[in-house]
Amino acid sequence: MSQAPAPAHIPHHVAIIMDGNGRWAKQRGLPRIEGHRRGVETVRTTTFAARDLGVKMLTLYAFSVENWKRPQDEVGALMGLLEYYLKKELETFVRDRVRLRTIGRTEEMPASIQKLLRATMEETKQFTDYTLVLALNYGARSEIVDAARAYASAVAAGKEKLNDGSWQSFSRYLYTADMPDPDLVIRTSGETRISNFLLMQAAYAEFVFTPVLWPDFTKADLAAAIAEFAKRERRFGLTSEQLKPTATSK
Ligand code: IPE
Ligand code: IPE
Ligand code: MG
């Protein structure tokens, strides 16, 4: 890749809304689940592609709180695929030093999946160089509700002082407590919405929307999104001049 951005422009944390599995299958006259099956392959390749490109944390939106409302057979098939994926990947994660963690109401996921998640997280917790975060039964609104509840209990228990309330102290109650915010959020399949994903954490993320359907998403597509990110100027509320102080600007 001749146009690879300089390391300083590589996003530390990339989060992806993996969308378009159903349409990928439909275009081929296949059942939706076939799209999900191919989507799992893309999860695998993207996990390693991101690391190769210098990313340190990859969050994948795998199942939203709203996705339970899909037809039951599709939900069942998705859970089956997730179980299959986790069983198969444990060995790979250990061999390739990938730390796994999750965000979302995972306590509402099927027990067999919770067990696999716990085992995988335990076995990979020492691999701090690269982290794969699966958003499972995740919704930003549920996350805020859960955080507000936990924060209120902490205040009631005297562990937090209400008047000290700051984003810094409140954000410790989010699922993402010890994670850096995403620098780059990518959504595949041409949809340009956020669908209840990391609403607070993406406050200053750069967004890249690509028409590519998730099963077709490649390392080159990820590299292109990162190259687009590298061209952006993240101002965080400041002026461009403030970000690039020159000898005369003071
Ligand atoms: C994304 O693909 C996978 C999940 C939401 C689990 P979709 O299943 O949403 O695919 P489309 O949007 O119907 O094409
Ligand atoms: C978002 O995709 C959720 C995941 C990628 C897991 P959806 O396909 O569920 O989102 P909408 O319904 O198009 O907003
Ligand atoms: Mg979709």
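Residues numbered from 1 in each chain as written. Chains lettered and ligands numbered in written order. Predicted model: local features only at pLDDT ≥ 70, side-chain atom pairs only at ≥ 80, totals over all residues. Heavy atoms only, no water.

Caption draft 1: Up close: the site of ligand 1. Within the structure, ligand 1 sits among Met-18, Asp-19, Gly-20, Asn-21, Gly-22, Arg-23, Arg-32, His-36, Ala-62, Asn-67 and Arg-70. Protein contacts shield 86% of the accessible area of ligand 1, which totals 380 Å² for the unbound molecule. Mapped by element, the contributors of at least two residues to the shell around ligand 1 are helix 1 (21-27) and helix 2 (32-52). No other element matches helix 1, which puts three residues into the shell around ligand 1. Of the residues that constitute the shell around ligand 1, the class distribution is two nonpolar, five polar and four charged. (Near = heavy atom within 4 Å. Areas by Shrake-Rupley, 256 points an atom, 1.4 Å probe, with all protein chains shown as cover. Helix = DSSP H or I, 4+ residues; strand = E, 2+ residues; numbered from the N terminus. Nonpolar A, V, L, I, M, F, W, Y, C, P; charged D, E, K, R; others polar.)

Caption draft 2: Molecular detail of the layout of surface pockets. Roughly 690 Å³ of volume is contained in the largest pocket. Around the largest pocket, the lining comprises 33 residues; the ones closest to its centre are Met-18, Tyr-61, Ala-62, Phe-63 and Asn-67. Listed by contribution, the elements that provide at least two residues to the lining of the largest pocket are helix 1, helix 2, strand 2 (57-64), helix 3 (72-96) and strand 4 (131-138). Taken together, the residues of the lining of the largest pocket sort by class into 16 nonpolar, nine polar and eight charged. (1 Å grid on protein atoms, 1.4 Å probe; cavity = no way out; pocket = protein on both sides within 12 Å on 5 of 7 lines; lining within 4 Å. Points joined across faces, edges and corners; volume = space filled by probe spheres on them.)

Caption draft 3: Just helix 7 (residues 219-231), in detail. For helix 7, which comprises 13 residues, the first-to-last C-alpha distance of 19 Å matches the rise-based estimate of 18 Å (1.5 Å per residue) to within 8%. For helix 7, the complete set of buried residues consists of Leu-222, Ala-223, Ala-225, Ile-226, Phe-229 and Ala-230. What you see down the axis of helix 7 is that its buried residues fit within an arc of 160°, all on one side. Those residues of helix 7 that are exposed and angled more than 90 degrees off the buried face are Ala-220 and Lys-231. (Expected span 1.5 Å × (residues − 1). Buried < 20%, exposed > 50% of the residue type's maximum accessible area, 1.4 Å probe, protein only. Arc of directions from axis to C-beta.)

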